[in-house]
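# Structural features, examined
So the chains spell out like this:
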Amino acid sequence: WHHPDVETIGVAIDGVRRGLEQSPGRLDKFRGIAIYASWTIDDAEWAAFDRQWRGVEPAAGAAPDRAKR
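The text that follows walks through the structure, step by step, so that each part is easy to find. (Residues numbered from 1 in each chain as written. Predicted model: local features only at pLDDT ≥ 70, side-chain atom pairs only at ≥ 80, totals over all residues. Heavy atoms only, no water.)

As a further point, take helix α2 (residues 43-54). Those residues of α2 not exposed but buried are W46, A47, A48, F49 and D50. At its buried positions, α2 is contacted by α1 (9-22). One side-chain oxygen of the residue at the start of α2 lies 3.1 Å from the amide nitrogen of A44, identifying that residue as D42. Two residues or fewer after α2 comes G55, characterised by a positive phi angle close to 70 degrees. (Buried < 20%, exposed > 50% of the residue type's maximum accessible area, 1.4 Å probe, protein only. Helix = DSSP H or I, 4+ residues; strand = E, 2+ residues; numbered from the N terminus. Contact = heavy atoms within 4.5 Å. Polar contact = N/O pair within 3.5 Å; in protein donor to acceptor, adjacent residues only side chain to side chain.)

Time to look at the pattern of salt bridges. Oppositely charged side chains can pair when the atoms bearing their charge come close. For the structure on display, the rule yields 3 salt bridges. Here D50 and R54 are joined by a salt bridge, their closest N and O atoms 2.8 Å apart. Of the two residues, D50 and R54 both sit in helix α2, 4 residues apart, roughly one turn of that helix. In this structure, E57 engages R51 in a salt bridge whose closest nitrogen and oxygen atoms are separated by 3.3 Å. Residue classification places E57 among the exposed residues on the basis of a relative accessible area of 61%. Looking at R51, the relative accessible area reads 43%, which means it is partly exposed. (Salt bridge = Lys/Arg side-chain N within 4 Å of Asp/Glu carboxyl O.)

Given below as structure tokens:
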């Protein structure tokens, strides 16, 4: 079952960051994150991904796997 209030990009990124902080000796093995079912993610979640993971302000309407509007 999906719990949209807690199963968010922001919560996932926070979990990845906390895990990395707890395993500093394994950072050489880390290669990044993948978003499963990206077609279900709305513009607000892509914006959160850009801010929280990539550290950039999102471009308006620029979800990476959607046609330009």
